[in-house]
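# Remarks on the overall topology
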Amino acid sequence: MEKIKSMSVSSLYSKIRRAALFVVVALIFSICNSCGNSNSHSYSRELVVADSLCDNNPDSALTLIRKIKTDQLSDNESWYLRLLKIKQKVKRNENFTDDKEAKVLVDHFEKDGDKNLLPQALYCAGCIYISLNDTPQAIGYFQRVLNIYVDDKHNIYANDKHNRLKAQCYYQLGYLYSMQGLDKTAIPWQKKALEIHTNTGETERCIYDCENIAWSYQVIGKSDSTEIFLQKAWHLAMKLKNERIISEIASQFASMYNERGNLDKAKTYINIALANPQKQSVSPIYSLAMDIYSKLGDTKHTEAFCDSVMKYGNVYGKKFAYQWQTRKALHKNGTLLASPCFEKYIQCTDSIEKINPVGASANANALYNYSLIENSNTELKIENNTQRTFIVKAIFVSIILFLMVVILTIVLLRHKKTLEERLELNKKSLKEAKMLEERANQNKENHLLDKKMATTAIYKDIIKILNSNSKNMVPDWQLLSETVYGIYPVFSSSLCKFKKMSEIELHVCLLLKIGISAKDIAKLVCRSEDSVYSICRRLYKKNFSDEPTAKKWKDLINSL
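The present account deals with the structure reproduced in this document.

Conventions we followed
Residues numbered from 1 in each chain as written. Predicted model: local features only at pLDDT ≥ 70, side-chain atom pairs only at ≥ 80, totals over all residues. Heavy atoms only, no water. Helix = DSSP H or I, 4+ residues; strand = E, 2+ residues; numbered from the N terminus. Contact = heavy atoms within 4.5 Å. Areas by Shrake-Rupley, 256 points an atom, 1.4 Å probe, with all protein chains shown as cover. Core = buried A, V, L, I, M, F, W, Y, C linked by side-chain atoms within 4.5 Å. Buried < 20%, exposed > 50% of the residue type's maximum accessible area, 1.4 Å probe, protein only. Patch = residues over 30% accessible without salt bridge, like charges linked within 9 Å, V, L, I, M, F, W, Y side chains within 5 Å. Salt bridge = Lys/Arg side-chain N within 4 Å of Asp/Glu carboxyl O. Lys, Arg positive; Asp, Glu negative; His and termini not counted. Charge placed at Lys NZ, Arg CZ, Asp CG, Glu CD. 1 Å grid on protein atoms, 1.4 Å probe; cavity = no way out; pocket = protein on both sides within 12 Å on 5 of 7 lines; lining within 4 Å. Points joined across faces, edges and corners; volume = space filled by probe spheres on them. Nonpolar A, V, L, I, M, F, W, Y, C, P; charged D, E, K, R; others polar. Disulfide = S-S within 2.5 Å.

## Things to note about the overall build of the protein
Within the protein one finds 24 helices and zero strands. Within the protein, residue pairs in contact and separated by at least 24 positions form 60% of the contacts whose partners lie at least 6 positions apart. Taken as a whole, the protein presents about 34,100 Å² of accessible surface, with 55% of it coming from carbon and sulfur.

Printed below as a string of structure tokens:
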């Protein structure tokens, strides 16, 4: 008994441990699931398509956005639409006059909105600050996007869309640092952008990344690295057969070889660049061509390129052109001709000197602000880590308390169930004991009645008939029934509950009740022994549905 009790307790605690483990796993899964999906939303197909078009065809995105009916949108969809309106402007390189809408969107998606859209809102804000010439703010917002991806422990942002956005942030950071003369800082960001674009198979973006890296290496004086990345860009551009990009890369090759003094190669590449010059790069290409042909001593072409610079060039190109014209005039002893060219050269120089202090001041402010941003980011990370630690501890304590409540509840329920089972077992035992007692009393009473039956005249006649071996002698069935019903008063009423019996079936039942064997019954009813068994089976089948046997009917009759 003690062994059984010990086994039941062990089994109980084993089940409790399994239940506790299941609860822990379920709770952790629930927490992770809620962390990962608490801010996921579904949007209408029009908004999703417009978002996709913003990246590839912003003009079509604008057309679709204008057709969307704002009165049919939910609150989350309305915020998404506001973000898309900003995004398509960014992708179309429109100018911005303020940052109000960008701030509102970032604030919403940080606090209450869909966290999946927060990186896009931050990226658009960074691009808007580029448009507003606020480089420190722009860098800060791009860094915030990357911080979200670094802190993404549950892979919420692990998809191609966010991967491309990460690459765009790397690209923008490389561009911003490079534009401020911080090319050593720019190169790691540019290489990260190239790595992602290579993995995603975006060839054109890979070309721009290689060009940017080559430019930064050229600025810091690493000509070998410059040539390596220009060759990569050239190889990719030739595969695309994009003349515009080929022209850009050719101009960079020409600039590199011009600085090295390899004028023949410089000439070859500048001629390729001149075959398809782009509007935004006309001034530097014509200026570079003028410089190369001037060094080669080709005055005719140099004058032609000088005229083009005068017509299409910016202040930097014109300064170089007037300088060349001044030298040319002085070389021919034409002081009078050189004087107006020199005056123009001085004017351009003055203009450039006015621009440079502004740029220097902006760079100084930017560098100062970078340190402020870095300090702010460090403080923010410390605060976030403190909050995260507190949340983890709170969750851990909550899990422990919850498990204690669960285990206590399970133990109490098990204890209650055990008590109920014991109570039920006791009731069953008492009932069985009572039944056994009643059966013993019944058997005792039946034994006395059987003795009384054995002293009756009809019983003695039946025994005499069986001993005589006479086939013509039969019992007095009327006297037998009266005697049996008289000694066993309940037997008569019990038989009436069964289905109606034939005369021979009734005789068999009466003889079974007084203890006559099947073999002797066969003699008394003038039937075979098998027929008697058959009658018993038939009676049982007639009254019950389970498998009929003669023994079952005999036991039933004896119990009545």
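## Looking at the nonpolar core
In this structure, L47, F109 and F142 are the most contacted members of the largest nonpolar core, which totals 50 residues. Where this core is concerned, the elements lending two or more residues are α2 (45–56), α3 (58–67), α4 (75–91), α5 (100–111), α6 (118–131), α7 (135–150), α8 (160–179) and α9 (183–200). Among the elements that make up this core, the one with the highest residue count is α6 (nine residues). Ranked by size, the runner-up nonpolar core spans 38 residues in total, among them F229, A237, A254 and Y257.

## Some details on a positive patch on the surface
On the surface, K184, K191, K222 and K232 cluster together to form a positively charged patch. Note on placement: K222 falls in the loop between α10 (203–219) and α11 (223–240).

## Digging into the pattern of salt bridges
Overall, the coordinates contain 18 salt bridges when judged by the stated rule. Between K91 and D55 there is a salt bridge whose closest N-O contact spans 3.8 Å. Here K91, found in helix α4, pairs with D55, found in helix α2; they are 36 residues apart in sequence, far enough to count as distant. Owing to a relative accessible area of 21%, K91 belongs among the partly exposed residues under this scheme. Within this structure, D51, D55, K87, K91 and K161 form a network of salt bridges that share partners.

## Observations regarding empty space enclosed by the protein
A complete count under the given rule lists one cavity of 30 Å³ or more for this structure. Of the volumes computed, that of the largest cavity is approximately 120 Å³. Forming the walls of the largest cavity are D55, K87, K91, Q120, Y123, C124, K161, H162, R164, L165 and Q168. Contributing elements (two or more residues each) for the lining of the largest cavity: α4, α6 and α8. Per-element accounting of the lining of the largest cavity gives the leading share, five residues, to α8. Classifying every residue of the lining of the largest cavity gives three nonpolar, three polar and five charged.

## Looking at a nonpolar patch on the surface
Residues F396, V397, I400, L401 and M404 make up a contiguous nonpolar surface patch of roughly 490 Å² in combined accessible area. With respect to the secondary-structure elements, M404 resides in helix α17 (residues 335–454).

## Some remarks on the state of the cysteines
Taken as a whole and assessed by the stated rule, the structure comprises zero disulfides. Not engaged in a disulfide, the cysteine C509 finds its nearest cysteine sulfur in C536; these two sulfurs lie 7.2 Å apart. Owing to a relative accessible area of 0%, C509 belongs among the buried residues under this scheme.

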